[in-house]
Structures are given as structure tokens and as C-alpha cells.
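# Descriptive structure summary
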Amino acid sequence: EVKLQQSGDELVRPGASVKMSCKASGYTFTDYAMHWVKQSPGQGLEWIGTIIPLIDTTSYNQKFKGKATLTADKSSNTAYMELSRLTSEDSAVYYCARSDSGYWYFDFWGPGTMVTVSS
Amino acid sequence: IQLTQSPSLLSASVGDRVTLSCKGSQNINNYLAWYQQKLGEAPKLLIYNTNSLQTGIPSRFSGSGSGTDYTLTISSLQPEDVATYFCYQYNNGLTFGSGTKLEIK
């Protein structure tokens, strides 16, 4: 069974950084791409970026360049996203989601990590 | 590519045939998917490549379309279909529509 297990919710101060994780199981981690998607409160969905663990290649939505950094650890089948210089605009639920390396639609999603930026 | 979904809110009765629309600002070349998101849950893939039903999804869901215009149809609305539905294109960049909230009348 494919599972994407995300790290717990975070409460962080403005200006700080946060790093969240997405541990994959039930499939070969390097056979798929991993994506990150933002959902702001009551809002729609935004693609943040993608990492292809097999070749450690990343691709970012221009809007999130400099804000998000994606990495992956093949030894533990875990993808990470770090968000820097947090503001209230970064308060949202962040999902990791898997796709085939060729067609980038997301067939499995993690449950989400809620990030709240507040002093 | 920007995606415009309509209507933003749809109220229908159990058993109704329901049609949700998604229009792209450019040709999507059938690289369109539909997701269902229930309150407090992650989105779930329903349809990919315009009309391919994801494994485990009931056959009352179907997709169609071409070019810039795409449709998700629920042939007979069930109470468990209450959710927000998003279209998503992966032809040029990766973008989501703003969603259609589906309620039971």
C-alpha cells in the first residue's frame, strides 16, 4: 500500500524557517517524482515544486523560488521541504504528492502539514 | 495556463446528473486531471488524462473534453460526493482551478 507520511503541524515565528518531511512507503521511491503543494486557508491549491529523487533534480514554481528548498534522502525514502523567511502569507497546509516521472499528475497525496506563522 | 472552473458552487439532489466545467486559458492537450477534496482531507485523484478513471473510483465519475474545455460528470449524485472538485492541468506548467463546491440540495 502506497503511503506518504508527513511530519507534524508547526507553529513558527515570523522570519524563521521550517523544514517538513514526507516519508514514502509501499513503492520504489526513486521510480517516482515527489511534489509539494500549498493550500492556504479557504483557498485553492498551488504547486510549489518537484524533486525527482533518482537524479536529485528539482523544479520550482517561479513564485516559490527563494522561499522553498526541496531535498530527498534516498536511503530513508524521505522527501523534505524547507520554507525560509516565513511570513503570515506562508500559513497554510502543505501537501506532498507523488507522480509518475513522465506524467505529472498526482496519484497519491500525504495528509498534509499545517504551518502557522505567528508571533 | 490559467484554469477557470464553473460554477463555483453547485447544489443538486441525490440521483441528479451533475456536470462541472473547467476552461483553460490555452490548449491543455488533454493533460487534465480532476481531484475531489472532502473537508479536512487531502485531495483525491478521480480522473487523469481527461477521461481515465483512477483505480478504485466509482464509475459514476467520468471526464471528457478537448482543447481548452473539459468536463467532470457525476452520473448519479450520491451523498458521499459532497466535496470541492478541482481541475488540474499538467500540459504547460502545473496549475489548479479554483474549485467547484458541490452540495446536496
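Our structure's up above, just so we're on the same page.
Fair warning: this is a prediction, and the values are worked out from it, not measured in the lab. (Residues numbered from 1 in each chain as written. Chains lettered and ligands numbered in written order. Predicted model: local features only at pLDDT ≥ 70, side-chain atom pairs only at ≥ 80, totals over all residues. Heavy atoms only, no water.)

The next subject is the overall build of chain A. Of regular secondary structure, chain A possesses zero helices and 11 strands. Along chain A, from the amino end to the carboxyl end, the secondary structure elements read β-β-β-β-β-β-β-β-β-β-β. Taking 2.2 N^0.38 as the reference for a compact globule, 119 residues should give roughly 14 Å; the C-alpha atoms of chain A span a radius of gyration of 13 Å, in line with that estimate. Projecting the C-alpha coordinates of chain A onto the three principal axes gives extents of approximately 40 × 25 × 25 Å. When the accessible surface of chain A is summed, it comes to about 5,600 Å², and 47% of that surface belongs to carbon and sulfur atoms. (Helix = DSSP H or I, 4+ residues; strand = E, 2+ residues; numbered from the N terminus. Rg over C-alpha atoms; globule rule 2.2 N^0.38 Å. Areas by Shrake-Rupley, 256 points an atom, 1.4 Å probe, with all protein chains shown as cover.)

Turning next to the state of the cysteines. All names here are of chain A. Throughout the structure, instances matching the rule amount to two disulfides over all chains. Across a sulfur-sulfur distance of 2.0 Å, C22 and C96 are joined as a disulfide pair. Looking along the S-S bond of the C22-C96 disulfide, the torsion reads about 75°, which is the right-handed sense. In this pair, C22 sits in strand 3 (residues 18-25) while C96 sits in strand 9 (residues 92-100), placing the two residues 74 residues apart along the sequence. (Disulfide = S-S within 2.5 Å.)

Residue and element names in this part refer to chain B. Side chains of V14, V82 and I104 sit close together on the surface and give an oily, nonpolar patch of about 210 Å² of accessible area. Relative to the assigned elements, V14 resides in the loop between strand 2 (9-12) and strand 3 (18-24). Judged by its relative accessible area of 47%, V14 is partly exposed. (Patch = residues over 30% accessible without salt bridge, like charges linked within 9 Å, V, L, I, M, F, W, Y side chains within 5 Å. Salt bridge = Lys/Arg side-chain N within 4 Å of Asp/Glu carboxyl O. Buried < 20%, exposed > 50% of the residue type's maximum accessible area, 1.4 Å probe, protein only.)

This part is about the sheet that holds strand 3 of chain A. Residue and element names in this part refer to chain A. Read from one edge of the open sheet, four strands run 1-3-8-7, paired in antiparallel fashion. With partners counted over all chains shown, the strands left at the sheet margins are strand 1 (3-6) and strand 7 (68-73), one partner each. Across the sheet, the mean angle from the axis of one strand to that of its neighbour is 20°, orientation sign disregarded. Pairing analysis gives four bridges linking strand 1 to strand 3, with the strands arranged antiparallel. Counted as the bridge partner of L4 is A24 from strand 3. (Pairing = 2+ DSSP bridges. Axes fitted to C-alpha atoms, helices over the stretch in contact; angles between N-to-C directions.)

Okay, the interface of chain B and chain A next. Every contact between the two is made by 16 residues of chain B and, on the other side, 16 residues of chain A. When the buried surface of chain B facing chain A is broken down by residue, P43(B), L94(B) and F96(B) rank first, second and third, together holding 38% of it. Of all the secondary structure elements, the ones that give two or more residues to the side of chain B that touches chain A are strand 4 (32-37), strand 5 (44-48) and strand 9 (83-89) of chain B. Here the side of chain B that touches chain A is built from residues that sort into 12 nonpolar, three polar and one charged. (Contact = heavy atoms within 4.5 Å. Buried area = accessible area lost by both parts, 1.4 Å probe. Nonpolar A, V, L, I, M, F, W, Y, C, P; charged D, E, K, R; others polar.)

Residue and element names in this part refer to chain B. By the secondary structure assignment, Q2 is in the segment before strand 1 (3-6). Using a relative accessible area of 63% as the deciding quantity, one classes Q2 as exposed. Along the chain, Q2 and T84 lie 82 residues apart, while their C-alpha atoms are 18 Å from each other. With residues near it in sequence (within four places) discarded, Q2 still touches K23, G24 and S25.

Another point: the sheet that holds strand 3 of chain B. Residues and elements named next belong to chain B. The strand order across the open sheet formed by four strands is 1-3-8-7, and the pairing between neighbours is antiparallel. Of all the strands in the sheet, the pair left with one neighbour each is strand 1 and strand 7 (61-66). This sheet shows a mean twist of 20° between the axes of neighbouring strands, independent of strand direction. In this sheet, strand 3 lies alongside strand 1 in antiparallel orientation, the contact comprising four bridges. Bridge pairing in strand 3 links S6 to S21.

So, on to the environment of S40(A). Residues and elements named next belong to chain A. Mapped onto the elements, S40 comes out in the loop between strand 4 (32-39) and strand 5 (45-52). Assessed through its relative accessible area of 17%, S40 is described here as buried. With 52 residues separating them along the chain, S40 and A92 place their C-alpha atoms 4.3 Å apart. Here S40 is in contact with S91 and A92, once residues within four sequence places are set aside.

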